[in-house]
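Each chain is listed here by its residues.
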Amino acid sequence: MLLIHCPYCEEDRSELEFRWAGEAHIARPENISAISDEEFAEYFFLRNNEKGLTYERWRHIHGCGRFFNAARDTVSDRFLTTYKAGMPKQPLPETGASEKTVETYEATEGDAR
Amino acid sequence: MADSGADLANRTSPLSGFHGGSSTVRLEAAPPAERISLRARAEDVAALSSALGVDLPVRPKTSASGNGRSALWLGPDEWLVIAEGNGGLMQAAKNSGALHSATDVSHRNTAILVSGPGAAAAINAGCPQDLSLKAFPVGACSRTVFGKVEIVLLRTGGDAFRMEVWRSFSDYAFGLLAEGAQDAAV
Ligand SMILES: [Zn+2]
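Predicted, not measured: the structure shown is a model, and the values here were computed from it. (Residues numbered from 1 in each chain as written. Chains lettered and ligands numbered in written order. Predicted model: local features only at pLDDT ≥ 70, side-chain atom pairs only at ≥ 80, totals over all residues. Heavy atoms only, no water.)

Trainee: How should I be thinking about the sheet that holds strand β1 (residues 26-29) of chain B in this particular structure?
Mentor: In sheet architecture, strand pairing relies on hydrogen bonds along the backbone and comes in two forms, parallel and antiparallel. Residues and elements named next belong to chain B. The antiparallel open sheet is built from five strands, whose spatial order is β1-β7-β10-β9-β8. Of all the strands in the sheet, the pair left with one neighbour each is β1 and β8 (141-146). Sheet twist, expressed as the mean angle between neighbouring strand axes with direction ignored, is 30°. Of the strands in this sheet, β1, β7 (109-115), β8, β9 (149-157) and β10 (160-166) are in contact with helix α4 (residues 170-184), which crosses β7 at around 10°. (Pairing = 2+ DSSP bridges. Helix = DSSP H or I, 4+ residues; strand = E, 2+ residues; numbered from the N terminus. Axes fitted to C-alpha atoms, helices over the stretch in contact; angles between N-to-C directions. Contact = heavy atoms within 4.5 Å.)

Trainee: Just checking my understanding: could you explain the sheet that holds strand β6 (residues 78-84) of chain A for this structure?
Mentor: Residue and element names in this part refer to chain A. The four strands lie next to each other as β3-β4-β5-β6, forming an open sheet whose pairing is antiparallel. Two strands close off the open sheet at either side, each with one partner strand: β3 (19-23) and β6. The mean angle between the axes of side-by-side strands here comes to 35°, regardless of whether they run parallel or antiparallel. Pairing of strand β4 (residues 53-59) with strand β5 (residues 67-73), which is carried by seven bridges, proceeds in the antiparallel orientation. Within the sheet, the bridge partner assigned to T54 lies in β5 and is R72.

Trainee: I would appreciate a short explanation of the nonpolar core in the present structure.
Mentor: A general tendency of soluble globular proteins is for nonpolar side chains to be buried together. Judged by nonpolar contacts, the single largest core of 29 residues is most densely connected at W58(A), L38(B), L48(B), L52(B), L56(B), W79(B) and V81(B). Mapped onto this core, the elements with two or more residues apiece are β1 (3-6) and β5 of chain A together with β2 (33-40), α1 (45-52), β4 (69-75), β5 (78-84) and α2 (89-95) of chain B. Those residues in contact with V81(B) that lie beyond four places of it in its chain are E34(B), R35(B), I36(B), L38(B), L52(B), L56(B), S70(B), A71(B) and L89(B). In this structure, V114(B), I151(B), V165(B) and A173(B) belong to the second largest nonpolar core, which totals 25 residues. (Core = buried A, V, L, I, M, F, W, Y, C linked by side-chain atoms within 4.5 Å. Buried < 20%, exposed > 50% of the residue type's maximum accessible area, 1.4 Å probe, protein only.)

Trainee: What's the story with the interface of chain B and chain A in this structure? I'm lost.
Mentor: For interface size, the figure often reported is the accessible area lost on association. Contact residues are listed per partner, giving 17 residues for chain B and 15 residues for chain A. Taking both partners together, chain B and chain A bury about 1100 Å²; carbon and sulfur atoms supply 47% of that area. In this structure, the connection of chain B to chain A is made through three salt bridges. R66(A) serves as the salt-bridge partner of D77(B), at 2.8 Å between the closest nitrogen and oxygen. Linking chain B with chain A are 10 residue pairs in polar contact (both at pLDDT 80 or more), by the criterion used here. Mapped by element, the contributors of at least two residues to the side of chain B that touches chain A are β4 and β8 of chain B. With four residues, β8(B) is the largest single contributor of residues to the side of chain B that touches chain A. Of the residues contributing to the side of chain B that touches chain A, the split by class is six nonpolar, four polar and seven charged. (Buried area = accessible area lost by both parts, 1.4 Å probe. Salt bridge = Lys/Arg side-chain N within 4 Å of Asp/Glu carboxyl O. Polar contact = N/O pair within 3.5 Å; in protein donor to acceptor, adjacent residues only side chain to side chain. Nonpolar A, V, L, I, M, F, W, Y, C, P; charged D, E, K, R; others polar.)

Structure representation (structure tokens):
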């Protein structure tokens, strides 16, 4: 079972208590009524969908109920760090960040415990 | 007017008549209680605590009890306050004069009392939390999951828990606990 550290509960909790909530650090344009349809589409619909390191919002919906931010490797499904909503992108711990993302069945499925 | 025979509306507990357990786990429906879902900002916690007569805890996974009331930390600005019988919680919160949101959820929830040496094992049949006394000591509480439903779990003693569950999910929760109790006794 995957354990996720909730920055509000201050402990590792089962993935069953959490829900994914999309890409993090997307700022709502302050002049939203003035921007073009293309700019609005870019803000509202388009996501980077990076392979590997991504910054995401997660919600501890069956725990404290809070949204928070997480850096996660989408290949290994490893959470590199989590931090409270509203904080800027946090530096990554040494060990997780240097992990190679090797594209083999063993690397992707074998780690997805 | 014809006598409908319905002059008296009798309240029935969602778990009335349920029984289960094993040689190591006792399962009981908790008596009716008053409950509020309370939301407030940090600066209003002190006023609400004194009005409710119980200190709203501010540390994760902790609770406080006193004067027949228990306050359970659910989130950084959210508590579940439980009073035995008819405790006047809504009025007490209102009397605080502090900005808050209180919703009476007395009849949204019901509770199952789980006790005995196999209590933690029975709950762990459907709950992923570490219920060792080190990680989840007496007085610890948490919103979490139990099988397919959300619960709020409070440890009331070394071998005793109160499981708060939404009333429409309570027969599922009780059934899964009964299964867990059987497994815990093996
Ligand atoms: Zn949390």
